[in-house]
Amino acid sequence: MDAEVAVVGAGPAGLSASIEAARLGAKIVLIDENGKPGGQLFKQIHKFFGSMEHLAGLRGYDIGNKLWQRAMELKINVMLNTTVFGIFGDKTLGLLTTMGSEILRAQRIILATGGSENTIAFPGWTLPGVMGAGAAQTLINVHRVLPGKRILMVGSGNVGLIVSYQLLQAGAEVVALVEAAPKIGGYRVHAAKIQRAGVPIMVSHTVKRAHGRDYVEAATIVRVDDDLKMIPGTEKTFDVDTICLAVGLTPLSELAWMSGCKFIFVPTLGGHVPIHNEDLETTVEGIYVAGDIAGIEEASIAMEEGRLAGIAAAESLGYAREEATKLKKEIKERVQQLRRGPFGEDRYLAKQRIMKVAPR
Amino acid sequence: MNGEIAPTKAITLEELRNTPGFPSEKRLSLGRVAVIECPEEIPCNPCEFACPKEAIKIGQPITNLPQLIEERCDGCGICIPSCPGLAIFVVDLTYSKTQALVEFPHEFLPLPKDGQEVDATDRHGKVLTKGEVVKVRNPKGYNSTPVISLAVPRRYANEVRGILGGVRIG
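Residues numbered from 1 in each chain as written. Chains lettered and ligands numbered in written order. Predicted model: local features only at pLDDT ≥ 70, side-chain atom pairs only at ≥ 80, totals over all residues.

(A) Fine view of the packing of helix 3 (residues 133-141) of chain A against helix 4 (residues 158-169) of chain A. Residue and element names in this part refer to chain A. Where helix 3 contacts helix 4, the two axes come as close as 10 Å, and the packing angle between them is 30 degrees. As judged from the angle between their axes, helix 3 and helix 4 are roughly parallel. You can see that helix 3 and helix 4 cross each other, and the crossing is left-handed. Each of Ala-133, Gly-134, Ala-136, Gln-137, Ile-140 and Asn-141 in helix 3 lies in contact with helix 4, whose residues at this interface are Val-159, Gly-160, Val-163, Gln-166 and Leu-167. Its residues assigned to classes, the contact of helix 3 with helix 4 shows six nonpolar, five polar and no charged. (Axes fitted to C-alpha atoms, helices over the stretch in contact; angles between N-to-C directions. Helix = DSSP H or I, 4+ residues; strand = E, 2+ residues; numbered from the N terminus. Parallel < 35°, antiparallel > 145°, perpendicular 65-115°, else oblique. Left-handed = near helix turned anticlockwise from the far one by under 90°. Contact = placed C-beta atoms within 7 Å. Nonpolar A, V, L, I, M, F, W, Y, C, P; charged D, E, K, R; others polar.)

(B) View of the pairing of strand 13 (residues 218-223) of chain A. All names here are of chain A. In this sheet, strand 13 lies alongside strand 12 (residues 205-211) in antiparallel orientation, the contact comprising six bridges. By the bridge assignment for strand 13, Ala-210 is matched with Ala-219. Direction of pairing for strand 13 relative to strand 14 (residues 236-239): antiparallel, over a ladder of four bridges. Directly across from Thr-220, in strand 14, lies its bridge partner Thr-237. (Pairing = 2+ DSSP bridges.)

(C) Fine view of the packing of helix 1 (residues 12-23) of chain A against helix 2 (residues 60-73) of chain A. All names here are of chain A. As a packed pair, helix 1 and helix 2 sit with axes 10 Å apart at the nearest point and diverge in direction by 30 degrees. The orientation of helix 1 relative to helix 2 falls into the category roughly parallel. With respect to the hand of their crossing, helix 1 and helix 2 are arranged in left-handed fashion. Every residue of helix 2 that contacts helix 1 at Pro-12, Leu-15, Ser-16, Ser-18 and Ile-19 is listed here: Leu-67, Trp-68, Arg-70 and Ala-71.

(D) Geometry of the domain arrangement of chain A. Residues and elements named next belong to chain A. Here chain A is partitioned into domain 1 (2-116 + 249-357) and domain 2 (119-245). Placing the centre of domain 1 and that of domain 2 at their C-alpha centroids yields a distance of 31 Å. Taken together, the residues of the side of domain 1 that touches domain 2 sort by class into two nonpolar, one polar and one charged. (Domains from an automatic or database assignment.)

(E) The arrangement of the interface of chain B and chain A in detail. Tallying the contact residues gives 39 residues for chain B and 41 residues for chain A. Split into classes, the residues belonging to the side of chain B that touches chain A amount to 19 nonpolar, 13 polar and seven charged.

(F) Up close: helix 5 (residues 188-196) of chain A. All names here are of chain A. Among the nine residues in helix 5, nine count as buried, and that is most of the element. Of all the residues in helix 5, the buried ones are Arg-188, Val-189, His-190, Ala-191, Ala-192, Lys-193, Ile-194, Gln-195 and Arg-196. Two residues or fewer after helix 5 comes Gly-198, characterised by a positive phi angle close to 90 degrees. (Buried ≥ 20, exposed ≤ 12 C-beta atoms within 10 Å, placed from the backbone.)

(G) Examining the sheet that holds strand 10 (residues 173-179) of chain A more closely. Residues and elements named next belong to chain A. Pairing is parallel in the open sheet, where five strands are placed in the order 8-15-9-10-11. Edge positions in the sheet fall to strand 8 (130-132) and strand 11 (201-203), since each has one partner strand and no second. Between one strand axis and the next, the sheet turns by 20 degrees as a mean value, whatever way the strands run.

(H) Spotlight on the sheet that holds strand 4 (residues 88-92) of chain B. Residue and element names in this part refer to chain B. With antiparallel pairing, seven strands are arranged side by side in an open sheet as 1-4-5-8-7-6-9. In this open sheet, the two strands that pair with only one neighbour each are strand 1 (33-36) and strand 9 (162-163). As paired elements, strand 5 (residues 99-105) and strand 8 (residues 147-153) share seven bridges and run antiparallel to each other. Residue Gln-99 lies in a different strand from strand 8, and its bridge partner there is Pro-153.

(I) Geometry of helix 8 (residues 321-338) of chain A. Residue and element names in this part refer to chain A. End to end, helix 8 covers 26 Å across 18 residues, agreeing with the expected 26 Å (1.5 Å per residue, within 8%). Within helix 8, burial applies to Leu-327, Ile-331, Arg-334, Val-335, Gln-337 and Leu-338. Taken down its axis, helix 8 places every buried residue within 150 degrees of arc, on the same side. In helix 8, the exposed positions that point more than 90 degrees away from the buried face belong to Arg-321, Glu-322, Thr-325, Lys-326, Lys-329 and Glu-333. (Expected span 1.5 Å × (residues − 1). Arc of directions from axis to C-beta.)

(J) Molecular detail of the environment of Gly-21 of chain B. Residues and elements named next belong to chain B. Relative to the helices and strands, Gly-21 resides in the loop between helix 1 (13-17) and helix 2 (25-29). C-alpha of Gly-21 to C-alpha of Pro-39: the two residues are 18 residues apart in sequence and 8.4 Å apart in space. Ignoring any residue separated from it by four or fewer positions in sequence, one finds Gly-21 in contact with Ile-36, Cys-38, Leu-65, Pro-66, Gln-67 and Leu-68.

(K) Just the environment of Ala-121 of chain A, in detail. Here Ala-121 of chain A is to be found in the loop between strand 7 (115-117) and strand 8. The exposure class of Ala-121 of chain A is exposed, given the 7 C-beta atoms found within 10 Å.

(L) Structural view of the nonpolar core. All names here are of chain A. Counting 156 residues, the largest nonpolar core has Ala-6, Ile-110, Leu-111, Ile-243, Cys-244, Tyr-288 and Ala-290 as the members making the most contacts within it. By residue number, the principal contributor to this core is helix 7 (residues 299-316), which donates ten residues. Two domains each donate at least three residues to this core, and these are domain 1 (2-116 + 249-357) and domain 2 (119-245). In this structure, Ala-290 is in contact with Ala-13, Ala-17, Ile-110, Ala-112, Leu-280, Ala-302, Glu-305, Gly-306 and Ala-309, ignoring residues within four places of it in sequence. (Core = buried A, V, L, I, M, F, W, Y, C linked by C-beta atoms within 7 Å.)

Written out as C-alpha cells, the structure is:
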C-alpha cells in the first residue's frame, strides 16, 4: 500500500492534520490503533476553553464528531484497529491490522501519537483501585462505570481538576485532592468548580501510601516541604476506594525514536520531545510531529499543530503552494495567542528553545 | 509549623472585586447584572461572543481578562452557560425587599424543581442558608449547562454560588 501522507494517530492533532492535507489535495492514510477515532476527545464531556476559532465552548466529544464528520466528507482513508509497529528506512511503516501485518510506503509521515499518563510509586500503588486519572475518565465517560465511590485525586493540573469534577458529576465523592507543589497547578476556574462542590484541595500534600489487602481501602496523605520531602508527623489517613493519579503526561515518541529523529529534553513539555521546526518537521526530512508528541499541551494547540503539519506536508508535496504560506501564518499567529499568559508563556519559551536547534 | 493546614482557599471576594469582570457596588445595586469570576489570564473568549449587548470585552490577545462593560449589561444571563469555566453568575439585588436572586450554572443531576427549598452553598461548598429555586433553565442552546435562579437572603448575594446537589451514590 502507498500513501502520500501517512498520519499516525486519529486524535485532535492527527484528524486535523489529515483534514488539512486532504483538503489541499494530498492522498492520506490515517491510522489509529483504537477501534474509534478521536483520541481522548470523546471522553471530554466538558466545554472546551480557547477562542471561538478553536470551537471553544463546545464539549470535547462534539469537537471530535465535527472533525470526524469532516474527515468522512473528505473521504480520508482511515485504518482503525491498526497499530504502527515500526517505521523503517525511507518512510516504510509496518502495520498490524486485524487481518495481519501490512507494509505502507509513505512520502511524508505525520506522527500524532499523543501522550501517556505518568504515574508515581508509593507503598500500595499496585493495589486495584489505584489508577491514572485518564483511566478513571475513560471508565466514567466512555464505559459509564464508576471506578469507586470515594476518591483521592493526586495532582491539581487541569486533568486532576477536570476529572475530579467529572467524577462528582458521575456520582462519586472526591474526598480530597492533593498537590505536592505549594499552589494549584491548573486553572483557578476549574479549581473553583470543585471547591464550590466542597472538595478540599490540599496543596503541599502528597499521597504517602495506599492501604488495603486485596484492593484500596484507605489512603494516607502527608504534608511536604518546599523540597517536596515528606514531613513526618503530618500524616492523615482516611477511607477511600480509589486513588487517581493526575501527575502529568509524557510524549508517546517511540516511532520518532525509531525513525532516527533527534530529541531534546524539555521538562515543561513532558520530557523527551522530537526536535521540530516551525512547520513541525523533525530532523528527519518529511517526518512531522503534532500534538502531545511534540510537547504536552492541550487539545486546541494539538488541533492547530495538526493543521500546520498537514498543510506543511501537503505543501512539500507540491500542493497549494501559494495558499499554504498564508494558512500557515494564520495558524502560527493563533497558536502564539494560545501560548500567552501565565499558563502558556513557559510552553512558548520551551517551544522557542526547540525551534532554535531545529533544522530550517 | 507541622500542625494541621487548611485546604487551599477559593478565590476571595476581595480578589474578585479587583478583576475587570466584577460589577461595581453601584451597578449591583441597580439590579440584574453579570458577575464574571475569571481571575487568570487564560486563552478563552466564548463569553465575549455570547453577549448580544457587547457587554463583555476580551479582544486581542485572547488571554486578556474579560471586562464587564456594566452599563451595557442587562443581566440576561446568556453568558452563564457559554463560559467553559462555569465562572459567570448573575446577581439581582433588587429581587425583593429582603431577597436577592443569584443565578449559576449547575451541571449535576437530578436538577431541583422550581419552587423547591434547597441548601445554598458558598465558594467552598459550605451551606450558608436556605434558598428557593425560582427557576431552572435548561434549553438546548445552553448545551447541557442548566442555569438555576435561586432566591436567597440579600446579604448572601455575593457569597452564594451554588447548591448542595448532585448524585450521591452509596
